[in-house]
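Tertiary structure, described
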Amino acid sequence: ETPVTMADAVQALLEEMVPELQQFVEHDILSKGEVRALVKKRTDFEYRLRRRAAEKRDFERYIEYEMTFERLLKSRRERLGVKKGKGTGKFSCVKHIHFIFDRAVKKFRGDIDLWLEWIAYAKSEMSSKVLSKIFARALQLHPRNAKLWVHAAAYEWDMGNVTASRTLLQRGIRLNSKAEELWREYFRMEVLFTARLAERRRVLGLGKSAKKIVDAEAEGESAIAIGDLDEEGKGGGAVALPETQSVEAGLEELIAGSIPKAVVRYARETMQSCPLLFFGMYDLCYLAGDAARSALEEEILAVIDEIATSPAPPASSVASSEAAVAAAADATAAAFTGSATRRAARAMAQSAADGGEEAVACDAAQEVLNKYLEPYRAAGTQLSPRKSAKGVRGGKVATSSSVDAQPQEEAGGKKMQAAAMWQAVCGFWTEVEAQAKGKVAAGKSKASAGRNPELAKEAGVRASDMLDAARQQGVWTEEIALESIRRTLQRGTAHSAAAPAAKARGKGVKRARDVRADEEEGGDGEAKALALATAALEHLPANVKVAAEYLRLKAKAVMSQDDDDNALDTLADSMDAVLKTCGGAPGAHKLWADRVQLQVARGSDAEPLVAILVRASNVCAPESASLVLLAGLAAVDDAHGHQLLLHTGNALLLRPLPSLVKNRVLQSLAEGELTRCEEALKTLGQKKDVTALRAILEMWASEEKAKQDPELWLRWEVAERAAGDHKRASGVHWRALRTLEDADDYHRLRALKVPLR
């Protein structure tokens, strides 16, 4: 037999499309010119796909083109009133796109994203039969991929096949026992199944017999036929899971959430210390309905408490012991804080449901939080709930001297847990306040927020009290420090705004006293915030955000002193002191940039500025240091002109700088000088002295970067010719050919006669 060539295969494929294309023309859906363009485009794509080295991008472009064409056909049919069945043959667009996807996954079998794109497209087109085959093939090839099992189970659920969905998730978990996503989705499925059982019983009014209801919910034949997987014979099945037969239990137990509870217990046995998984399960409990929600939440919180109090598993080796201890401490802290805030939220919701006022509901939540805070509070310190009586401010910290103090030196893990707990409690009240004000935090639904001024006030008081208590306990984290400063400023602003209003209400000794109190409190707000920021910086010397807030408040305080002629010097000293401790931290380049701007504003002396820039380049990462230096040079140019820029740049280049930083500075200076030469030639038509340019470019030419920048070499040559020095321009030309790694690029640019920029 004669072997089939690529051209023959493409031609045969296109010939099968002819009847369909003819029908498009007959029904005036496409013109002959459009058909010719379509055939030409498909031919081009087919040849690309059949190349020996076909790329994934070729398949993606072909699919994208066909999807666009399908949308065009749909709009044409709607406009012309042509029924969908007309003009569609064997190679309809949907079938053709499935055909392209099929070839793509055969070529790139290991590309999970490609499989998921095909699944998403099949779902959008409701191609049920194709979708079932896709899932079967994908899971046979990738049984260790959790996402595919989840998508397959979700498809079965949507088709009404509850038993098949459960079976798929169980098989996936046996093969991927440590996949949090599979456990979470398995729990979600069982919770939804429980809710559906309860709803069906309510609607149908059936008695306590479970069989009819369970059979009705579990009926349906699996749409995905997956045979035995090789991976299942290598240890799959060692994971304990609820038996499917457990649905034959009493209906009351099922509706109360017996199956989801079993999933939680089995997940705990398998996943060990993984609080985030159970937090995710807890957030899904609302799907179970009122009958099972409370019991499920309590079951999960009990598991989280168990994780928090259970000892860490022994490390597998000495090398991994430190990492294991850190991971165990993280898990314990997350478990404690997550359990505390969730139990507090439940207590608050329960109190509100029982008809309690906002203050009473907040007291209930605070009592729960106090129990969790107790192990982390210094001896003798007790935070009492806020009294519900009007005008009594609670949350005060009382110290008793009758109790012996705990040892000051605690283990690192204990300190981390304490900081995490205090931070979580403060964050809890801050979030309650925000939601009561109608604000929606990132990742929260708008439905969770609602305006309740009284609750916002109560929560705000408790947030401030807890922040004060945390600081008194010596707990300083970034969030606690910044939130404390924000609230202090907020109180000061509120008092400042209240003073004019109090004046407008009338006269009188008491009124005047209130006005003076508001004005003093408002004026002291920024001073108190600065004192807080100073204390925070002492505890968190390497924290860039705290340092930035401190410097902002310090600058405002210093600049507000009109009688201080040395305000800039004072501020510069403060910035230098801060940068000594956090100048090398990630994100500190912004502080260095501010310090450079301040130095530029202080005067035109280049030496102090160069010293600051060199310090920045020595402590910052090269990328960040480059940003600081380039910003500094730009500020010098804007404030003091070109001559000082050259002086500062040359002085900087004489100092030892990291290679990357030096390359960036040289590149920037060289491009700036070339641009000035080119602009002078274009706008004024005059030659410009290029002495300074030559000095900079000579230094640049000795750097590694010069081997890969033909454009700058060419611009240098053109600048020399524009200055009238053709001999030097020829020298630049030959030097470029010897220096560049790829001289062909230089020749190509020269042949194109790149215009001066």
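As the structure is a computational prediction, the values presented were derived from the model and not from experiment. (Residues numbered from 1 in each chain as written. Predicted model: local features only at pLDDT ≥ 70, side-chain atom pairs only at ≥ 80, totals over all residues. Heavy atoms only, no water.)

**A look at the pattern of salt bridges**
So the rule is basically this: Put simply, a salt bridge is a Lys or Arg side-chain nitrogen that is within 4 Å of an Asp or Glu carboxyl oxygen. Numbering goes from the N terminus for both helices and strands, where a helix is a DSSP run of H or I of at least four residues and a strand is a run of E of at least two.
On inspection of all chains with the given rule, the structure shows 47 salt bridges. In this structure, the salt-bridge partner of D44 is R48, at a minimum N-O distance of 3.5 Å. Of the two residues, D44 and R48 both sit in helix α3 (residues 32–49), four residues apart, roughly one turn of that helix. Where salt bridges share partners, they join R293, E297, E298, D305, R343 and R346 into one cluster.

**Digging into the side chain of R342**
Counted only if it meets this: In this analysis, two residues are considered to be in contact whenever any of their non-hydrogen atoms come within 4.5 Å of each other.
Here R342 is to be found in helix α16 (residues 318–353). Apart from the residues within four sequence positions on either side, R342 is in contact with F279, Y282, D283 and L301.

**Focus on the nonpolar core**
Definition in use: What we call a nonpolar core is a set of buried Ala, Val, Leu, Ile, Met, Phe, Trp, Tyr and Cys residues that are connected through their side-chain atoms within 4.5 Å. Exposure classes here rest on a 1.4 Å probe applied to the protein chains alone. A residue is buried below 20% of its type maximum, exposed above 50%, and partly exposed in between.
Formed by 112 residues in total, the largest nonpolar core has its most connected members in W183, F187, F278, M281, I300, W422 and W429. The leading source of residues in this core is helix α18 (residues 412–436), at nine residues. Residues within four places of W429 in sequence aside, it is in contact with M348, C362, A365, Q366, L369, A459, R462, A463 and M466. In terms of nonpolar packing, the next biggest core, distinct from the first, is built from 75 residues, L571, V614, L693 and W713 among them.

**Thoughts on the packing of aromatic side chains**
Test applied: Side-chain rings of Phe, Tyr and Trp (the six-membered ring for Trp) are treated as a pair once their centres are within 6.5 Å; stacked means planes under 30 degrees apart, edge-to-face means over 60, and tilted covers the remaining angles.
All chains considered together, the criterion is met by 12 aromatic pairs. Seen from their ring centres, F24 and F69 are 6.3 Å apart, and the 80° between their planes marks the pair as edge-to-face. Taken together, the residues F24 in helix α2 (residues 18–26) and F69 in helix α4 (residues 56–80) connect sequence positions 45 residues apart. Measuring from ring centre to ring centre gives 5.6 Å for F135 and Y155, while their planes differ by 35°; the resulting arrangement is tilted.

**Some words on the packing of helix α6 (residues 112–124) against helix α8 (residues 146–158)**
Going by this rule: Axis lines are fitted to C-alpha atoms, over the contacting stretch for helices. Their N-to-C directions set the angle, which ranges from 0 to 180 degrees. Roughly parallel refers to an angle under 35 degrees, roughly antiparallel to one over 145, roughly perpendicular to one between 65 and 115, and oblique to any angle outside these ranges. Gly counts as polar in this scheme, as do all residues outside two lists: the nonpolar Ala, Val, Leu, Ile, Met, Phe, Trp, Tyr, Cys and Pro, and the charged Asp, Glu, Lys and Arg.
Remark: α6 packs on α8, axes separated minimally by 11 Å, with the N-to-C direction vectors making an angle of 10°. With respect to their mutual orientation, α6 and α8 come out roughly parallel. Contacts between α6 and α8 involve I112, L116, I119 and K123 on the former and, on the latter, K147, L148 and H151. Among the residues forming the contact of α6 with α8, the class breakdown is four nonpolar, one polar and two charged.

**Notes on the packing of helix α29 (residues 691–701) against helix α30 (residues 710–722)**
The geometry of a pair of packed helices is captured by two quantities: the angle between their axes and the separation between those axes. Here is the rule we go by: The handedness criterion is simple: a crossing whose near helix is rotated anticlockwise from the far helix by less than a right angle is left-handed, and one whose near helix is rotated clockwise is right-handed.
The contact between α29 and α30 brings their axes to 12 Å, and the two run at 150°. With respect to their mutual orientation, α29 and α30 come out roughly antiparallel. As for the relative orientation of α29 and α30, their crossing is left-handed in sense. Across from L693, R694, L697, E698, W700 and A701 in α29, the residues of α30 making contact are L712, W713, W716, A719 and E720. Broken down by class, the residue content of the contact of α29 with α30 amounts to eight nonpolar, no polar and three charged.

**A word on unusual backbone geometry**
Residue D28 is not a glycine yet carries a positive backbone phi of 60°. Even without a glycine there, the phi angle at M126 is positive, about 55°. Mapped onto the elements, M126 comes out in the loop between α6 and α7 (128–141). Among the residues examined, M126 registers a relative accessible area of 70% and is labelled exposed.

**Focus: the side chain of E190**
Residue placement: E190 occurs in helix α10 (residues 180–204). Here E190 falls in the buried class, since its relative accessible area comes to 0%. Once residues within four sequence positions are removed from consideration, E190 is found in contact with R166, I259, P260 and V263.

**Quick look at the environment of D594**
Here D594 is to be found in helix α24 (residues 589–602). The class for D594 is partly exposed, based on a relative accessible area of 44%. For the pair D594 and G632, spaced 38 residues apart in the sequence, the C-alpha separation amounts to 9.3 Å.

**Considerations on the confidence of the model for the protein chain**
This is how it is decided: The predictor attaches a confidence to each residue, and that confidence, scored 0 to 100, is pLDDT.
Confidence in the prediction for the protein chain averages 80 pLDDT; 79% of positions are at 70 or higher. A low-confidence stretch, residues 379–410 stays under pLDDT 50, and its non-local contacts, those more than four residues away or across chains, total 53 contacts. Within the model, pLDDT remains below 50 along residues 445–449, and this stretch shows seven contacts once partners closer than five positions in the same chain are excluded.

**As for the environment of E526**
Put simply, the test is: N or O atoms within 3.5 Å of each other form a polar contact, as long as, within protein, one can give a hydrogen and the other can take it, and as long as residues adjacent in sequence are counted only when both atoms are side-chain atoms.
With respect to the helices and strands, the residue E526 is situated in helix α21 (residues 509–539). Each C-alpha atom of the pair E526 and T488 lies 7.6 Å from the other, and the pair is 38 residues apart in sequence. Reaching out from E526, the side chain makes a polar contact with the side chain of K556 at a distance of 2.9 Å.

**What about helix α25 (residues 606–619)?**
Convention followed: An expected span of 1.5 Å times one less than the residue number is assigned to each helix.
The terminal C-alpha atoms of α25 lie 20 Å apart, and with 14 residues this matches the ideal 20 Å at 1.5 Å per residue to within 8%. Looking at α25, one finds that the buried residues are A606, L609, V610, I612, L613, V614, A616 and S617. For α25, the side-chain oxygen to backbone nitrogen distance between the N-cap and E607 is 3.4 Å, and the N-cap itself is D605.

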